[in-house]
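Listed below are the residues making up each chain.
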Amino acid sequence: MEFKGTSFLYTLATLMVTFAGFSALLLIIRQAAGAQLSALDRFLARTTIGHLMALTAGALLPSLLQLYDIPESSIWMISAAAFGLPVLALLLTFPHRRVTATGASPPPIVMITFVGLSSISIIAMLAYVEGNFAHKAAAYITALTINFFSLALAFIIALEVVLHQPISFSQKPGGET
């Protein structure tokens with residue numbers, strides 16, 4: 001028997017994987033046009049795809065746990081901790097990883113939406129689910145959804161920055177540019 005929110009989680013997982021492919025495709029097209037990938041391009045691809053895979057795992061984890069006949073209330077508590085803590089660590093280390101990889105801090109809007117809003121939603125979800133309140137599934141799925149859309153917004157903002165970077169073309173074989 002499926003639990004509440006299963007179809008929403010599957011839909012969210014599908015959206016996440018599709019978005020990961022789309023984001024990678026945009027950077028591949030840029031490179032195929034002859035532009036060299038910058039440090040920001042590579043960081044954006046790594047961060048977006050890595051974060052989306054973590055979110056996708058979070059979307060699929062409750063259904064996986066259900067296969068082991070774990071009680072539904074425990075499924076949400078296990079999923080919240082197994083998904084929430086690593087994603088929170090990714091979010092809180094994002095500014096440092098961005099500076100290390102690119103030499104520049106994230107824009108304030110990215111700090112507010114991606115790091116701030118996403119972290120707050122994860123912390124609230126962890127407190128709510130682990131506090132054993134009603135509607136654990138709703139809290140868990142809401143945190144996943146907020147994290148997905150804040151990542152999408154951060155990607156769009158970063159893409160705008162990437163598209164305004166001066167294009168450095170790679171050297172083609174035979175000395176042509």
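In this text the structure is predicted, and so the values were computed from the model without any measurement. Per chain, residues are indexed from 1 in the order of the written sequence. With the structure being a predicted model, the display of local features is reserved for residues of pLDDT at least 70 and the display and counting of side-chain atom pairs for 80 or more, all residues being used for whole-chain, interface and lining totals. As a rule here, side-chain values cover all heavy atoms of the structure and leave hydrogens and water aside.

Observations regarding the layout of surface pockets
A 1.4 Å probe that fits but cannot get out identifies a cavity on a 1 Å grid over protein atoms alone, an open set with protein on both sides within 12 Å along at least five of seven lines counts as a pocket, and a residue lines either if it has an atom within 4 Å of a point. Grid points are joined across faces, edges and corners, and a volume is the space filled by probe spheres set on the points. Counted as a void, the largest pocket has a volume near 170 Å³. Around the largest pocket, the lining residues are Lys 4, Gly 5, Glu 72, Ser 73, Trp 76, His 135, Lys 136, Ala 137, Ala 138 and Ile 141. Put simply, DSSP marks the helices as runs of H or I at least four residues long and the strands as runs of E at least two long, and each gets a number from the N terminus on. Breaking the lining of the largest pocket down by element, the ones donating at least two residues are helix H3 (72–102) and helix H5 (136–163). If one sorts the elements of the lining of the largest pocket by residue count, H5 sits on top with four residues.

Notes on a nonpolar patch on the surface
A surface patch of nonpolar side chains, about 290 Å² in accessible area, is lined by Leu 25, Ile 28 and Ile 29. Within the secondary structure, Leu 25 is located in helix H1 (residues 6–32). For patches, a residue must show more than 30% relative accessible area and have no salt bridge; joins then use 9 Å for like charges and 5 Å for nonpolar side chains, namely Val, Leu, Ile, Met, Phe, Trp and Tyr. Accessible surface is estimated by sampling points in the Shrake-Rupley manner with a 1.4 Å probe; for residues, cover comes only from the protein chains shown. Salt-bridge detection follows one rule: a side-chain nitrogen of Lys or Arg within 4 Å of a carboxyl oxygen of Asp or Glu.

Describing empty space enclosed by the protein
In the structure shown here, the tally under the stated rule is one cavity of 30 Å³ or more. In terms of lining, the largest cavity is formed by 13 residues, of which the most central are Leu 44, Phe 94, Arg 98, Ala 154 and Ala 158. At five residues, the largest contribution of residues to the lining of the largest cavity is made by helix H2 (residues 39–66). Of the residues assigned to the lining of the largest cavity, the class counts are ten nonpolar, two polar and one charged. Charged residues are taken to be Asp, Glu, Lys and Arg, nonpolar residues to be Ala, Val, Leu, Ile, Met, Phe, Trp, Tyr, Cys and Pro, and polar residues to be all remaining types, Gly included.

Everything listed here is a matter of geometry and, on its own, says nothing about what the molecule does.
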